[in-house]
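Remarks on the overall topology
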Amino acid sequence: MTDNSPAHSHTSSQSPARELSRPLVPVLWLVLMASPVAAANNATVLILDDIGTALDTTAATASWLATVFALALAVATPLQAALMRHRGRPTVLFTSAALVAAGTLIVLVSPWLPLAVAGRATQAAGGAGLNVLAIALAGSARRIGAISAGMGLFGAVSPLIGTQLTDVLSWRVALSMLAITLIAVPVVSRRLAPDTAGIGRFDAGGALLVAVLSGSIVMVASNPLPALAATAISITLLIIHTRRRPDGYVPMTTIRSTRFQTATCLTLALSAGYFTLLFVIPQLLITRAHWTKDAAATGQLIAMVLASLATLGFTSIAARLSRTNVRIALVAAGTVAVLAAVLASAPVLLLSGIFLALFAATSANATQVIAATAAVPEQDKPTAIGLFTLLYLLGGAIGPALASALVL
């Protein structure tokens, strides 16, 4: 998915990638290893009703399959990056592949929704590692761009593919698309260059607090009071922990940066808006415009492809614009997208909403990471980009929860 992948956000942080004098793994294999994550993230968009019916529950309850996947993907991304620094690339490759395989098997055979949700979380943890590794092995901006393009294509077509697989085979097969990534693992493993695992103590306490905080934020839409209490406690404990370990999992110099705070908050808001409308717009096309599910999927696919192209155009000229003008454009696009979803009934306006929402979110992901890390010390830039990516992906977890509370 152009939008919910860390590909854009990691381009400037991969010192291991820059150390390679030549690419060791053909880029198509890297695309195949990373892109199915986007398909898995979007696969549930149009089949929640089918899943709910099959499991004798509601579409709103079934949306946990999307929420938990996105949350696990967000939380696992910086964790997998830390694992790669501490244990090396082969460990990330084989651990992640095992997680994808185990999670997919659980989804395929689970008779209960909670177990299927656990399978999705396991899938996401593995997919995050393979995605991080693919970016680290890319070796050049052009190859990373190919990975991003592949994720955009997979993410755009996966809702439609998901409906077709559900109709012809099963919703379980639709939620198993991530297993495609395993095809690339043997090839990548044979071409991995030897590397040395890093040293240093991993800040497990900081990582745990970030994970709890992320989960609490996602739960606000469905359980406001407990989630807000957990969020407040997590923030307090994280502040205390960060003061004790200013160079730990969340560097103090990074989170104190006003530029980092502004860029990440803007990106999180636009990401959450997009991932909410990703689920809301198809439902509105069905209820307000009386479109069929397949028509809604096709229309949204076209709008998302066009939005991805618009993002490429905008980001190519963004460097010539002032930071303020870039942010004005992003906020305007995100605001109009929400207004279209709230007020519009005409199909073209509803599809314009998802177009603008995707454009705003992916353009923010591509442009604001530069602003977020501009004032961060050089040694903290990889961590800052990892945290930036976490917040962008966190929008992918908040979105389904908000959509569930609003329309599902």
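Looking up the chain in an unreviewed UniProt entry gives the name Tetracycline resistance protein, with the organism given as Streptomyces doebereineriae. UniProt, in the comment section headed Function (unreviewed entry), describes the chain in these words: "Resistance to tetracycline by an active tetracycline efflux. This is an energy-dependent process that decreases the accumulation of the antibiotic in whole cells. This protein functions as a metal-tetracycline/H(+) antiporter." Recorded under Sequence similarities (unreviewed entry), the UniProt text for the chain is reproduced unchanged: "Belongs to the major facilitator superfamily. TCR/Tet family."

Some points on the overall build of the chain
From N to C terminus, the chain includes 20 helices and 0 strands. Within the chain, buried positions represent 55% of all 408 residues. Counted over contacts in the chain with a minimum sequence separation of 6, partners at least 24 positions apart contribute 83%. Total accessible area on the chain is roughly 16,200 Å²; 68% of this is exposed by carbon and sulfur atoms.

Description of the packing of helix α7 (residues 64-87) against helix α9 (residues 113-138)
Two elements in contact, α7 and α9, have axes whose closest approach is 7 Å; the angle formed by their N-to-C orientations is 40°. One way to sum up the angle between α7 and α9 is to call them oblique. Crossing of α7 against α9: the hand is right-handed.

Concerning the side chain of Gln80
Tracing the backbone shows Gln80 in helix α7. Within polar-contact distance, the side chain of Gln80 engages the side chain of Ser96 at 3.3 Å. A distance of 2.9 Å separates a polar atom in the side chain of Gln80 from the backbone oxygen of Ala125. Once residues lying within four places of it in the same chain are set aside, the contact partners of Gln80 are Val92, Ser96, Leu99, Ala125, Gly126, Ala128 and Gly129.

Comments concerning the nonpolar core
Met33 and Tyr274 are the most contacted members of the largest nonpolar core, which has 100 residues in total. Sorting elements by how many residues they give to this core places α9 first, with 12 residues. Ranked by size, the runner-up nonpolar core spans 10 residues in total, among them Leu266, Phe314, Ala333 and Ala360.

Structural notes on helix α16 (residues 258-287)
The end-to-end C-alpha distance of α16, which contains 30 residues, comes to 43 Å, matching closely the 44 Å that a straight helix rising 1.5 Å per residue would cover. Residue Leu278 marks the point of greatest curvature in α16, where the axis turns by about 35°; the proline Pro282 follows within four residues. The buried fraction of α16 is high, at 21 of 30 residues.

Focus: helix α19 (residues 347-373)
Each α-helix turn comprises 3.6 residues. Residues three or four places apart therefore point the same way. An ideal rise of 1.5 Å per residue puts 39 Å on 27 residues; α19 measures up with 39 Å between its terminal C-alpha atoms. Thr367 marks the point of greatest bend in α19, at about 35°.

What about the packing of aromatic side chains?
One pass over the structure, following the stated rule, counts 3 aromatic pairs. Here the aromatic rings of Phe275 and Tyr392 are separated by 6.4 Å at their centres, their planes lie at 70°, and the arrangement is edge-to-face. Placement of Phe275 in helix α16 and of Tyr392 in helix α20 (residues 381-406) is noted, with a sequence separation of 117 residues between them. The class of Tyr392 is buried, set by a relative accessible area of 0%.

What about a nonpolar patch on the surface?
Taken together, the side chains of Leu105, Leu108, Val109, Val168, Leu169 and Val173 make up a nonpolar region of the molecular surface, amounting to roughly 560 Å² of accessible area. You can see Val168 is positioned in helix α10 (residues 141-168).

Focus: the pattern of salt bridges
Where charged atoms from two side chains of opposite charge approach closely, those side chains can pair. According to the stated counting rule, one finds 1 salt bridge in the structure shown. In this structure, the salt-bridge partner of Lys293 is Asp50, at a minimum N-O distance of 2.8 Å. In this pair, Lys293 sits in helix α17 (residues 293-317) while Asp50 sits in helix α5 (residues 48-54), placing the two residues 243 residues apart along the sequence. In this structure Lys293 comes out as partly exposed when scored by relative accessible area, which is 27%.

Some details on unusual backbone geometry
Negative phi characterises most residues that are not glycine, and trans characterises most peptide bonds. Phi at Asp56 takes a positive value of approximately 60°, unusual for a residue other than glycine. For Asp56, the position within the fold is in the loop between α5 and α6 (59-62).

A word on the packing of α16 against helix α18 (residues 323-343)
Look at α16 against α18: their axes get within 10 Å of each other, and the N-to-C directions meet at 25°. Between α16 and α18, the angle falls in the class roughly parallel. Considering the relative orientation of α16 and α18, their crossing is left-handed. Contacts between α16 and α18 involve Arg259, Thr262, Ala263, Leu266, Leu270, Leu277, Ile281 and Leu284 from the former and Arg323, Arg327, Leu330, Val331, Gly334, Ala337, Val338 and Ala341 from the latter. Residues of the contact of α16 with α18, tallied by class, amount to 11 nonpolar, 2 polar and 3 charged.

Conventions used here
- Residues numbered from 1 in each chain as written.
- Predicted model: local features only at pLDDT ≥ 70, side-chain atom pairs only at ≥ 80, totals over all residues.
- Heavy atoms only, no water.
- UniProt positions renumbered as here; feature names shortened; annotations may be inferred.
- Helix = DSSP H or I, 4+ residues; strand = E, 2+ residues; numbered from the N terminus.
- Buried < 20%, exposed > 50% of the residue type's maximum accessible area, 1.4 Å probe, protein only.
- Contact = heavy atoms within 4.5 Å.
- Areas by Shrake-Rupley, 256 points an atom, 1.4 Å probe, with all protein chains shown as cover.
- Axes fitted to C-alpha atoms, helices over the stretch in contact; angles between N-to-C directions.
- Parallel < 35°, antiparallel > 145°, perpendicular 65-115°, else oblique.
- Left-handed = near helix turned anticlockwise from the far one by under 90°.
- Polar contact = N/O pair within 3.5 Å; in protein donor to acceptor, adjacent residues only side chain to side chain.
- Core = buried A, V, L, I, M, F, W, Y, C linked by side-chain atoms within 4.5 Å.
- Expected span 1.5 Å × (residues − 1).
- Bend = angle between axes of the 7 residues up to and from the residue.
- Phe/Tyr/Trp six-rings, centres within 6.5 Å; stacked < 30°, edge-to-face > 60°.
- Patch = residues over 30% accessible without salt bridge, like charges linked within 9 Å, V, L, I, M, F, W, Y side chains within 5 Å.
- Salt bridge = Lys/Arg side-chain N within 4 Å of Asp/Glu carboxyl O.
- Nonpolar A, V, L, I, M, F, W, Y, C, P; charged D, E, K, R; others polar.

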